[in-house]
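Analysis of the macromolecular model
The lines below spell out each chain.
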Amino acid sequence: MDNGVQSVDYFGQQMVNGITLGGVYALIALGYTLVYGVLQILNFAHGDVYMIGAFIGFFVMVGLGGPSHAVVPVAVMIFIMFAVSMLGSGLLGIVIEKFAYRPLRNSPRIAPLISALGVSLLLQNGALLLFSGSIRSYDTSSFVPITAGIHLGGVTIDGMRILVLVLALILMFGLSRWVNGTQVGRAMRAIAFDRDAAIMMGINVDRVIMWTFFVGSALAGAAGVMVGLVFLRVYSYMGFLAGLKGFTAAVVGGIGSIPGAMLGGVLLGIAESMTSAYLSPNFSDAITFLLLIAVMLIKPRGLLGRRAIVKV
Amino acid sequence: MTIQDPAVKETLLSVEGVDTYYGSIHILQKLSLEIKTGELVCLLGGNACGKSTTLKTILGLVPARTGSIHFAGIDVTKKSTPDRIKLGMAVVPENRRLFAPMTVLENLQIGAYVRGDPDPADLDRVMTLFPKLAERRHQLAGTLSGGEQQMVAVGRALMSRPRLLLMDEPSMGLAPRLVEQSFEMIAELHRDGVSMLLVEQNANMALSVADRGYVLQTGRIVLTGPASELSSHDELRRAYLGR
C-alpha cells in the first residue's frame, strides 16, 4: 500500500464521500420508512421513482440547453432541476399509490408487495423503452469546475458534494418540520400508530396517505438528481440497487423511524465508502447487506426502531 | 333562523329504525334514539348488548343496513366517519385510544384536525379545564396515568368544538376514585352545555349525571325515560343496578 491510502487526508476524503452518499441513501430510506409507517407495506417501486427523478432532472438540464449552452444561470438551472424532479416524482408516487396500492388496501400484505414489484418492473422497462438503454451523463464538470470547493487540509470537498450535503440537510430539516409541525404530518404519525383512532378524529386517511407518498417520492426524486450531479451516470436500472440500499438503510435504522432512516443512510454510505477505499470496491455492495444482517441479529427492530408500546 | 322557545330544544341527533350487521350476525334491531341540543343521554346495557355498536353506527364506523341517521338536520346515513366528525361529532373512544408516542399537546392538536389548524383559544380552554395537561403538555401521552389519559381523551375530543360528544365507557379500566372524578367531569361538561351521548356499563353512575337514558338488550331498546325514572325502575334495578 502506498502512503496515500494510510494518510489522515485520505480517510477524511473517504468520510466526505461516504457522508455524501449517505445523504442520498437517507433521502431514499425516508420514503420507505414514511410509507411503511402509514401502510405497513414495503414500496419496492420506490427505487424506480428515484430513477425517474434522476431522468427528469437530466431532461430538464438538457431542455435548458445542457451544461455547456445553459440558457439560465447554473444555480437557477440546478434549482429548476430539483424542483421539477421532486414535483414529477411526487406526482408519480401519488399515481402509484392510487392505482397499485389503494385497491389492495384491505388485501393480505403479500398482494401490495407483488403489486410493488410489478410497478417496479413497469417503471424500469418503461424507462428502457422511452429513454433507451444507454447511460446518460449529467456532465456537471462543464458547468461547475471540479476544483471549486472547500479545502480542509488535504481534504477537498468539491462544489457538487457541498451542494448535495447542504440540500440533503435542508430537505431532512424540512421533512421533520412537516412531520412534527403540521396537521398533515401529525395525522400521518397518528395513522401510523392507530389508524382507526385517527379516523375517529376525523382524519381523511386517503388524503394523508396521498401526501405521504408525495413527500416520500419527492425526496427520492431529489436523491436521483443528487446522484446525477455527483456520480453523473443515469440509466434505467439504476433504481434497483439504490432502492435496495435505501430499503436496507431504513431497516438498519429501524423501519418506521424517521431519524432511523437518516442514521441508517449515513451509516451505510460511510460503510460503503470505507470498504471500497480500504478493502476493495468489489465489496462495497456486499458490505451493505452484511451490515443489514449484523444489525438484524443484534437489534431486530433496527438501531432506532420503536419498541413495542405496551398499551395501558 | 327562527327564535325558538328555549324549553323546546331542537333535535341534534336522531337515529331511526337502524339495523346493523357484523357479517351475517344481526346486531342492532330497529334501533331508534334521539338526542336534543344540550342533553346528556346515557345508553345502558350489559356486555355485548350492542352499546358500542350503536356508537359505531352513529359514527359511521359500522354501516346501518336499514333506517336513517340525522345529525344537526343533515342526513348522515351514507356519510363517512370523517365527514360526520366534520359536521360536529366527536368521540372519546373505548380505552381512550390516545396516540401514545405523541405528546399531550400533539394529541390535542390532532383533535382539532377537522378544523384545520388548532385554535390557540381552544387549547387554552382545554388547558384551563384540565390544568394537569398544561403541566404535561410536552410529555408523551403513553406515559401518563390513567386519569390523565382520560383528560387527554376528553380534551382531544373538545378541541374540535363538537356539537355532540360521544363517550364510550369512560369509566372502564379506571380506579374507583378516578371513575368518580370522571363522572364529575362529565357533569361539568354537561353544565357547560355540551350535548353528550354516554355509553356506560356503570348504570348507577351514568344515571346520576344524565338527563335521560336508553336501556339496550341484545340489540333492542327495551326501556327509555328520564334518568330519575330509570334509576327507580324495578326491572332495571334488578338487572343492572345491583340494588
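Residues numbered from 1 in each chain as written. Chains lettered and ligands numbered in written order. Predicted model: local features only at pLDDT ≥ 70, side-chain atom pairs only at ≥ 80, totals over all residues. Heavy atoms only, no water.

**Quick notes on the overall build of chain A**
For clarity, the cut-off: Only runs of H or I of at least four residues qualify as helices and only runs of E of at least two qualify as strands under DSSP, and these elements are numbered from the N terminus. Partly exposed residues are those whose accessible area sits between 20% and 50% of the maximum for their type, while under 20% is buried and over 50% is exposed, using a 1.4 Å probe and protein chains only. Each accessible area is a Shrake-Rupley estimate made with a 1.4 Å probe; only the visible protein chains count as cover when residues are assessed.
A count of helices and strands for chain A gives twelve helices and four strands. On the principal axes, the C-alpha backbone points of chain A span a range of 60 × 45 × 35 Å. Per-residue burial for chain A yields a buried fraction of 52% across its 312 residues. Surface exposure of chain A reaches about 13,800 Å², of which carbon and sulfur atoms provide 70%.

**Description of the interface of chain A and chain B**
Interface size is commonly expressed as the accessible area that is lost once the parts come together. Going by this rule: Residues are treated as being in contact if the distance between any of their heavy atoms lies within 4.5 Å. Values labelled buried area give the accessible surface lost by two parts on being combined, using a 1.4 Å probe and summing over both. For this document, the term salt bridge refers to a Lys or Arg side-chain nitrogen within 4 Å of an Asp or Glu carboxyl oxygen.
In this assembly, 21 residues from chain A lie in contact with 24 residues from chain B. Roughly 2,000 Å² of surface becomes buried between chain A and chain B when both sides are summed, with 66% attributable to carbon and sulfur atoms. It is A:Q183, A:M200 and A:M201 that lose the most area in chain A upon contact with chain B, and together they represent 37% of the buried surface on that side. For the pair chain A and chain B, the interface holds two salt bridges. Note that A:R189 and B:E106 form a salt bridge whose closest N and O atoms lie 2.7 Å from each other.

**Examining helix α12 (residues 284–298) of chain A**
Residues and elements named next belong to chain A. The line we're drawing: To estimate the expected span of a helix, count its residues, drop one, and scale the result by 1.5 Å. Directions drawn from the helix axis to the C-beta atoms are what define this arc.
Here α12 is 15 residues long and its end C-alpha atoms lie 22 Å apart, about the 21 Å a rise of 1.5 Å per residue gives. Listed in full, the buried residues belonging to α12 are S284, T288, L292 and V295. Buried residues of α12 fall within an arc of 110 degrees about the axis and therefore sit on the same side. Of the exposed residues in α12, those oriented more than 90 degrees away from the buried face are L290, I293 and L297. Here the buried face of α12 lies against α10 (238–253) and α11 (258–278).

**Here we look at the packing of aromatic side chains**
Residue and element names in this part refer to chain A. Rules: For Phe, Tyr and Trp, where Trp contributes only its six-membered ring, two rings pair if their centres lie within 6.5 Å, and the inter-plane angle classes them as stacked under 30 degrees, edge-to-face over 60, or tilted in between.
Enumeration according to the criterion identifies eleven aromatic pairs over all chains in this entry. Note on F59 and F131: the rings are 5.1 Å apart at their centroids and 50 degrees apart in plane angle, and the pair reads as tilted. Residue F59 is found in helix α3 (residues 46–63), and its partner F131 is found in helix α5 (residues 110–131); the two are separated by 72 residues along the sequence. Exposure remark for F59: the relative accessible area of 33% places this residue in the partly exposed category. Classification of F131 by relative accessible area gives buried; the value is 17%.

**Section: the side chain of B:H190**
One can find B:H190 in helix α7 (residues 176–191). With residues near it in sequence (within four places) discarded, B:H190 still touches B:G38, B:E39, B:L40, B:M196, B:V209 and B:D211.

**What to know about the nonpolar core**
What counts, and what does not: Residues grouped as a nonpolar core are buried Ala, Val, Leu, Ile, Met, Phe, Trp, Tyr and Cys residues, joined through side-chain atoms within 4.5 Å.
Ranked by internal contacts, the top residues of the largest apolar core, which has 122 residues, are A:I203 and B:L13. Here this core takes 15 residues from helix α9 (residues 205–231) of chain A, the largest share from any one element. Ignoring sequence-local partners within four residues, the contact set of B:L13 consists of B:L33, B:E34, B:I35, B:I58, B:I69, B:H70, B:F71, B:M89 and B:L164.

**A few points about the sheet that holds strand β2 (residues 25–36) of chain B**
All names here are of chain B. What counts, and what does not: We treat two strands as partners when DSSP finds at least two bridges between them. With axes taken as lines fitted to C-alpha atoms, and helix axes fitted only over the stretch in contact, angles between N-to-C directions fall between 0 and 180 degrees.
Read across the open sheet, the four strands follow the order β2-β1-β4-β5; overall the sheet is antiparallel. Edge positions in the open sheet fall to β2 and β5 (74–75), since each of these has one partner strand only. Summarising the sheet, strand β1 (residues 11–22) and strand β4 (residues 66–71) pair through five bridges and their orientation is antiparallel. From the neighbouring strand, D19 faces β4, where its bridge partner is T66. Strand contacts of helix α1 (residues 51–59): β1, β2 and β4, with the helix running at about 115 degrees to β1, the strand carrying the most contacts.

**Here's the deal with helix α6 (residues 159–181) of chain A**
We count it as follows: Definition of a polar contact: a pair of N or O atoms within 3.5 Å, with one able to donate and the other able to accept a hydrogen when the atoms are protein atoms, and with sequence-neighbouring residues admitted only if both atoms are side-chain atoms.
Between the first and last C-alpha of α6(A) there are 32 Å, a value that for 23 residues agrees with the 33 Å anticipated at 1.5 Å per step. Residue A:D158 occupies the N-cap position of α6(A), its side-chain oxygen lying 3.1 Å from the main-chain nitrogen of A:M160.

**Notes on the sheet that holds strand β7 (residues 164–168) of chain B**
Residue and element names in this part refer to chain B. As summarised here, the arrangement of the six strands in space is β6-β7-β8-β3-β9-β10, forming an open sheet in which the pairing is mixed. The open sheet has two free edges, formed respectively by β6 (89–92) and β10 (220–226), since each of these has just one partner strand. The average undirected angle you get between the axes of adjacent strands in this sheet is 20 degrees. Bridge analysis of β7 against strand β8 (residues 195–200) gives five bridges, and the strand direction is parallel. Each residue of the ladder has a partner; that of L166, found in β8, is L197. Running at roughly 150 degrees to β7, α1 makes contact with β3 (40–44), β6, β7, β8 and β9 (212–217) of the sheet. Seen against the sheet, helix α6 (residues 146–158) touches β6 and β7 and runs at an angle of roughly 175 degrees to β6.

**Overview of the pairing of strand β2 (residues 149–152) of chain A**
Residues and elements named next belong to chain A. The pairing of β2 with strand β3 (residues 155–158) spans four bridges and is classified as antiparallel. The partner of L152 across the bridge, within β3, is V155. Where β2 hands over to β3, the hairpin turn is made up of two residues, of which G153 adopts a positive phi near 60 degrees.

**Some words on the packing of α3(A) against α9(A)**
Residues and elements named next belong to chain A. The criterion, for reference: Oblique is the label for any angle not under 35 degrees, not over 145, and not in the 65 to 115 range, which are roughly parallel, roughly antiparallel and roughly perpendicular in turn. A clockwise turn of the near helix away from the far one marks a right-handed crossing, whereas an anticlockwise turn of less than a right angle marks a left-handed crossing. Residue polarity is assigned by list, with Asp, Glu, Lys and Arg as charged and Ala, Val, Leu, Ile, Met, Phe, Trp, Tyr, Cys and Pro as nonpolar; anything else, Gly included, falls into the polar class.
As a packed pair, α3 and α9 sit with axes 7 Å apart at the nearest point and diverge in direction by 55 degrees. Our classification of the angle between α3 and α9 gives oblique. Crossing hand, α3 versus α9: right-handed. Taken together, the residues of α9 that come into contact with α3 (itself represented by H46, V49, Y50, G53, A54 and G57) are G216, S217, A220, G221, A223, G224, V225 and V227. Looking at side-chain class alone, the contact of α3 with α9 contains seven nonpolar, seven polar and no charged residues.

**Describing the pattern of salt bridges**
Taken as a whole, this structure holds 17 salt bridges over all chains when the rule is applied. Across the pair A:D194 and B:R97 runs a salt bridge whose closest N-O atoms are separated by 2.7 Å. A residue pair is termed interchain when its members come from two chains, as with A:D194 in the loop between α7 (183–193) and α8 (195–200) and B:R97 in the loop between β6 and α3 (104–111). Taking the relative accessible area as the measure of exposure, B:R97 reaches 25% and is therefore partly exposed. Among the salt bridges present, the one from A:E272 reaches A:K245, with a minimum N-O distance of 3.1 Å. Of this pair, A:E272 sits in helix α11 while A:K245 sits in helix α10; the two residues are 27 residues apart in sequence, bridging distant segments of the chain. The two residues A:E272 and A:K245 agree in class, both being buried. In this structure, a network of salt bridges that share partners links the residues B:R115, B:D119, B:D122, B:R125 and B:R161.

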